[in-house]
Structures are given as structure tokens and as C-alpha cells.
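# Summary of structural features
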Amino acid sequence: MSNFIVRKAAVLGAGVMGAQIAAHLANAEVPVVLFDLPAKEGDTNGIVAKAIDGLKQLDPSPLATRDRAAAIDAANYGQHLEQLRDCDLIIEAIAEKMEWKDDLYRKIAPFISPGAIIASNTSGLSINRLSEGLPEILRSRFCGIHFFNPPRYMHLVELISTATTDPALLDNLESWLVSRLGKGIVRAPDTPNFVANRVGVFSILAVMHHTARLGLGFDVVDALTGPLIGRPKSATYRTADVVGLDTMAHVIKTMQDTLPGDPWHRHYAVPAWLAALIGKGALGQKTRCGIYRKDGKTIKVLDLAAQDYRDSAGDIAPEVLSILKTKNPSEKFAQLRASEHPQAQFLWAIFRDIFHYVACHLAEIADNARDVDFAMRWGFGWSQGPFEAWQAAGWRTIAGAVQADIAAGMAMSGAPLPAWVFARDGVHAPAGSYSASADALRARSTLPVYRRQIFPERMLGELAAEGTTVWENDGVHLWVLPQIDAEIAIVSVKSKNHTLGRDVIVGLQEAIARAEADYRGLVVWHEAPFALGANLKEVVEAIAAGQFDLLEKYVGEFQNTALRIKYAQVPVVAAVQGMALGGGCEFLMHAAKRVVALESYIGLVEAGVGLIPAGGGCKEFAIRAWQNAAKTGGNDPFEFIQPVFMTIAMASVSKSGAQAKELGFVLDTDRVVFNANELLYIAVREARGMAEAGYTTKLPPRGIKVAGRTGIANCEMMLANMKEGGMISAHDYTVARAAATALCGGEVETGSPVDEAWLLTVERKLFLELLKTEKTRQRIQHTLETGKPLRN
């Protein structure tokens, strides 16, 4: 891996996938050339230019920050193939037509440099057959590299080798994809649709089959096949609409054409109703009409019996809902199988048929069961893969039930379960996962890149790395990993959603004290989310009891904890992933260093509940504004306050770790990490490096010159315009003015010198004043009850 560098990449094909793959390469700061056909009119790069512009309009955004689009150069096959000579990685992502790919490969072959990797993003065409379109000298450097849509957010990439692919090349590419692009890799055999699409599309076909058999509505099936069974909210039919009904039909057709001897072949067919929708041009989300359509604010769903759309409801029978709430998976499956309710019968049938399918095809479609389960987790968003779900429910019991249904002619295929199923008690074990082709357990990859993942995503039955507990209370756990670095302590928050209640505040202060006494650094790390701010339930209880003195003391302790993080005698490194909101954002702002996952959503969101940041967030921005003004030779910090004020007033949250830098929550010197599984490893190394470099605590700043009354007045002018335009309410104005006051250092003359204690006092007093208002209390209560902000 150390010698493998992608200095520049090319993506061939500026369609949905090609453009978004280019965007993610740009996110990783890899210069990329995006190719497509020359436009027939106007700018010859018009097709690519339009695709790049389109990236900026998508939500969720494929770009970590809007300016990353500048790293994508537009090119066309007619004029710019010479640019391929500078590219170390070339990814083909054109339409799924073998003859088109063959033709393109012939065109690009003379321009590919020695050592470059050529890879196809095909979702199911034969990689070996595709390699035949290249000169023999290039074939050892060719492979499949199947990203999932959308490439930035979907963790899975399937790598597929040919008979002649250089194994070292594939190892290097896997290592680079894991660490540089943050991906989870499954090595897939060269079989139709590879692993995830093969299993996922069959799962959708099984759902369609049993929907029709039992006469269920599409909306009911989506209610059954979403989060209640550990699948994404889009469930089955909404997912089909999002993917595109024509795309779904194409993938089904691939299976139909390439798997003639498959025991399930008769089910590899596009249902008549789906073909009819496609024939009418109702292709799903991209045509605003498919299985679902939106009439105004009303979601309607296709009703096959009525041959028309009706209001979507998706009602689940209470008795079935009760079964789905059963925590014991063995009991849950037993009850589903025994129930006579059509919804329960449906659920048992779709699980039974997917268990049957993956067992019969494991030897052919994947090296081992772990690859199948990770493919479905990472590529389709399932919380458990099919083998995990089977094993968790009792391997032998489920195997017997599946075999009995096969014998009774109830399954979608009469193929018997393979003999290995009955010779085992499961497929996942601490030593590895079962390979049907090798009839042995396969351990995880030993590539060096995976040593950076101290706590990788675990498979059922796998053991996690163990740390040594140093100290803990009800709020935090202080521990070390001697096998990584015995001199760097780690503190993890234990509360639900890592909210920052009193136990956490006290615990963090104790953890810092112990780190100062016995260790050389401290890392704040736990699974996502990083922290969802203060414990609002505690706040509401104190308000109800009229304990405002207690609340002031709590806010003071919160501020003191932030200061302890900032002025600890050892470096405190915040390892951030997921949401870091409110107080969580303030704590990471005070750390000596931040290591932030790309998918981190960071913000001071207190305005949403009618409050302002009072854990030192406003204070830190006031200090930075003063420091930035001094660097540029000015005395007025308002220029730097203004964008921060709008960010706080609008409760803006970064849409990536990279954008958190733009918003000022994260510094330019902080690390953005693409693979969240590497966060802890990198954070520990950062803490160690700072300690080895002789880390010393900075002295508290003095003579901080603030924007004062003039700054507050400038902010009020912006607020007045927003209120006049109906963009904010009267209480929004009150809250935002309080934020402006805190950021500008209080009601003092512009340029007045203050210290941190003054700024914290201003924050604290304004926070408590807002807590006493009825509208802020309403906002807090509404958020606790609904999880959504209230505009009042």
C-alpha cells in the first residue's frame, strides 16, 4: 500500500454514477478528469459540464463541500484522451452495454500509462468478458470496481478480479479504497450481478412474488419491510422507485439472460404490472411517478386491483406488530411461521426464501458467508445480513423449518438445502466465516490497512478487541488499549445518544485529571453520534422545579469542563463521527486537536430550542474573530463574527466533516478521515505525536478585543430585515440577538478588552434569561416530545 499512490484519476462516463464517483474522488482530494461524449452543439465538454453542475444541486450532496467540484476537470473522448496518460486509476462507468464498453476500451487503450489500473463500475456484466476488450498487455491491470449509489454514502465497493488480474494490484487497490475513500470491500467472484445485487434483487423479487400471492398493498409491504425488520426506511417499493423501475427491470433481465440453469430462474422475470408502468414512462422518482406518486402533499400508491392510485396508508395489523416487537429472534420467527395472518405469512416467506437462496448459492456467489452479510449491510442498508439473521434465530431450527417448507412445496424453488447446512450450527464463529466452496472457515483479510481498524464492524459471533478499564462512573468510561498505546487514555461517553448530563460532565473532569496524572494524552472516542448536546430532560426537570440556581451551576460546570478540555496538561484529541450538536460541538471545539470522520454533522443548534450556545462555543468564536482580525492587521472582529452569527442564528449543521471546517467548528489543521473505523487509531496516533513533540498548554488569552455594541447593532440590522421578510419569528429574533450579544462580548464598547471569564459569564446569563421565557420552554418540550424543532 505504501507505494500505491493515485495522483490523478479518470472517470469515463458522466452519468449518475460516473459523476458521483468523480465527486467522491474529489472529496478525497484526488484530481479527477470526467469524460463523456463530445456535445453535438456548443461547448464540446457540455455534457460533462452539465453533470458537474448537477452535482451541486443534489441533496444529499455527493460533494463534501461545494468547492470540491473544482477538482473535477471536464473532458471528452474526441479531444482529450491524451489526458489519460497522467492517470493512475481509470474507472469506466458508461451504460451497461457490452458492445459500447468494448468500443470505448479500444479507443482508450493506446493512452493508458504503464502501471495504471483500469476498472469497470459495471453492476453485473462479466469482468472476464470485459477484459477481452483490452489489449492483452493491459489485462493484468484490469478489474471490476462496483460502487453503490450514492457512492459517497454507500459503504460497499465490490472488487472483482479476472483470471489474469494481478493479485498485488487488487490488494493495493483494496487498501487504497478502504483508507482513502472510506469503503468497505467485498471481493466478489465474477458471477452475474456479483454479490449484493444478486442477493438484493432476488430479495426484491421474493417480496414482489409474495406481495402478489397474498394480495397485499405495496404500501403495506413497505411498512413491513422497512425499519421493523432492520431494513432502510425506503423499504422495497420506495427503493425501486428511487433506483428507477427501468434500472430494476434491466438488472432482473441480466439475471434472466445469464442464469438459465438457476433453480429460481422462473422468478427472474419482470412482473406484468412493472412492465406496464415502464411502458407508460412511469419510472419512479426520476419521472415523479412510479409505484408511488405525489399529489400536492399527499403520497399516493398504485392499487393494482383498482388500476389506479390511492392514498398511501401502510397499516400493519396489531398482532403482527406485536410479533415484530419480540426481541428474541428465535421466538419472533417461530411466531411469524405459526401465524395465519397474511402479513405474518408474508414476512416468514420472504425470510425463508432468502435463507434458502443464499444457502444454495453461497459456494457460487461469494467466498464466504461474511462477504454476503457485509454486502447486504453495506450495499442495501440491512442491519443484519441473511446469514446473521438465520444464525441469530437458531441455525438448526430455521434450517429444519426451511427444509420442511421446501418439501411441502411452499418455497419459491424446490431445490434442497445443501448438505453443509445440516452439518453445522452456524456460519459465523470467532475463527472466521464459513466458505462453502472451500468447506472451511475463512478469517478476515490480513492486509495491513485493516490494522488501522481497532474496532471494525463486527459480524455475529466475532470477538471485539478488549481494552483495560481505568475508571468509570454512570456517565463515562476511562480505559486504555495496551496493544495500541498504553500511555494514551481513551474516554467514552456512556449515556444514550451520548447526551451530556451531569454524570458525563463530572466524569469528563475526572477522566482529564487522571489522564494528567498517569498518561501522556487523552482521546475522546465512542461510536456515533459523538454527542447530541446537553441532556434536555434534566433541564426540563430543573425548570419545572424552579431550580434556576441549580441550572446556573450546571451551566457553569459545563463551561468549566470545556475549559478543562482546552487547558488540560496533556493533549485532548476529539475523535468525531456522526452528529456533534450543541454541547458536543462546543466540547470538540475546545480540544487540542480534532480527528473528524467525513460523515460528521457538526453544529451549534441551540437556537432550535430557543437557546444560545453556553458551553463556550460563542466564547471560542469571539476569541477566534479577535485573533483573525489581529492577523489581518485590523481591530474590528465583526468581519469574522458575521458568518458565524448567521450559522448559529440559523442553527446550521455541517453536511460533512470537511464543511465543518468552512463553518469554523473544525480547524484547517484538523484531520478529516474517510473511514470512520480508522478514527480511534488515528486519534491515538495524533495524541502520541503531540505528546512526543513536547505538548504544552497554551496560556489563556487576555485582552480579547470584542465587537461590542456596534457588532450587536450590525447583527440586529440583518435580523430586522429577516423579520420584515417573514423569515424569522419574534422569538427567533430574541434568541438570535442573544447569540449576537454573546459573540460580540456583551453590551460593551467596540474594541473593549475582555477575558474568557467575562465571555463565559455573558453566555451563561443570556442562556438563563432565555430559559425563563415561555416560548423557549415550549420549544424544549416540543423537541423532547417529537424530536423536531418548534417555530413559535
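Residues numbered from 1 in each chain as written. Predicted model: local features only at pLDDT ≥ 70, side-chain atom pairs only at ≥ 80, totals over all residues. Heavy atoms only, no water.

With that settled, consider the packing of helix H9 (residues 245–258) against helix H10 (residues 272–279). H10 packs onto H9 with a crossing angle of 130 degrees between their chain directions and a minimal axis gap of 10 Å. Looking at the two axes, H9 sits oblique to H10. Seen along the crossing, H9 lies across H10 with a hand that is left-handed. Contacts between H9 and H10 involve Leu245, Asp246 and Ala249 on the former and, on the latter, Leu274, Leu277 and Ile278. For the contact of H9 with H10, the class distribution of residues is five nonpolar, no polar and one charged. (Axes fitted to C-alpha atoms, helices over the stretch in contact; angles between N-to-C directions. Helix = DSSP H or I, 4+ residues; strand = E, 2+ residues; numbered from the N terminus. Parallel < 35°, antiparallel > 145°, perpendicular 65-115°, else oblique. Left-handed = near helix turned anticlockwise from the far one by under 90°. Contact = heavy atoms within 4.5 Å. Nonpolar A, V, L, I, M, F, W, Y, C, P; charged D, E, K, R; others polar.)

Below, the discussion takes up helix H20 (residues 548–566). With 19 residues, H20 ought to run about 27 Å at 1.5 Å a step, and its terminal C-alpha atoms sit 27 Å apart, in line with that. Within H20, the full set of buried residues consists of Phe548, Leu551, Tyr554, Val555, Gly556, Phe558, Gln559, Thr561, Ala562, Leu563, Ile565 and Lys566. (Expected span 1.5 Å × (residues − 1). Buried < 20%, exposed > 50% of the residue type's maximum accessible area, 1.4 Å probe, protein only.)

Each pair of packed helices gets described by two things: the angle between the helix axes and the distance between those axes. Direction vectors running N to C along H20 and helix H28 (residues 756–771) enclose 145 degrees, while the axes themselves pass 10 Å from each other. Every pair of crossing elements has a handedness; the one defined by H20 and H28 is right-handed. For the pair formed by H20 and H28, the contact residues are Phe548, Leu551, Glu552, Val555, Gly556, Gln559, Leu563 and Lys566 on the first element and Glu756, Leu760, Glu763, Arg764, Phe767, Leu768 and Leu771 on the second. Among the residues making up the contact of H20 with H28, the classes are represented as eight nonpolar, two polar and five charged.

Looking at where Asp371 falls in the secondary structure, it is placed in helix H14 (residues 369–380). One buried charged side chain, Asp371, makes no salt bridge at all; its nearest oppositely charged neighbour is Arg370, positioned 4.7 Å away. Look past the residues within four positions of Asp371 in its chain and what remains in contact with it is Val186, Arg187, Val195 and Ala366. (Lys, Arg positive; Asp, Glu negative; His and termini not counted. Salt bridge = Lys/Arg side-chain N within 4 Å of Asp/Glu carboxyl O.)

Attention shifts here to the side chain of Asp485. On the secondary structure map, Asp485 appears in strand S17 (residues 485–493). A distance of 2.8 Å separates the side chain of Asp485 from the side chain of Arg688, its partner in a polar contact. Sequence-distant contacts of Asp485, defined by excluding residues within four places in its chain, comprise Val684 and Arg688. (Polar contact = N/O pair within 3.5 Å; in protein donor to acceptor, adjacent residues only side chain to side chain.)

The nonpolar side chains of a soluble globular protein tend to be buried, and buried together. Core analysis: the largest hydrophobic core is formed by 117 residues, its most contacted members being Ile291, Phe387, Trp390 and Trp420. Here the element with the most residues in this core is helix H13 (residues 342–365); it accounts for 13 residues. In contact with Ile291, other than residues within four places in its own chain, are Phe218, Tyr237, Ala240, Asp241, Leu245, Trp273, Leu277, Lys300, Val301, Leu302 and Tyr309. If you look at the next biggest cluster of nonpolar residues, it comprises 85 residues, including Val493, Leu588, Phe621 and Ile712. (Core = buried A, V, L, I, M, F, W, Y, C linked by side-chain atoms within 4.5 Å.)

Strand order in the open sheet formed by three strands is S12-S13-S14, with antiparallel pairing between adjacent strands. The open sheet has two free edges, formed respectively by strand S12 (428–429) and strand S14 (440–442), since each of these has just one partner strand. Across three bridges, strand S13 (residues 432–435) lies against S14 in antiparallel orientation. Bridge pairing in S14 links Ser435 to Ala440. Here H14 sits on the sheet and contacts S12, S13 and S14; the angle it forms with S13, its principal contact strand, is near 105 degrees. (Pairing = 2+ DSSP bridges.)

Time to look at the pattern of salt bridges. Within this structure, the stated rule accounts for 47 salt bridges. A salt bridge links Asp405 to Arg352, with the shortest nitrogen-to-oxygen separation between them at 3.0 Å. Taken together, the residues span a long stretch of sequence, with Asp405 in helix H16 (residues 395–407) and Arg352 in helix H13 at a distance of 53 residues. Residue Asp405 shares its accessibility class with Arg352, and that shared class is buried.

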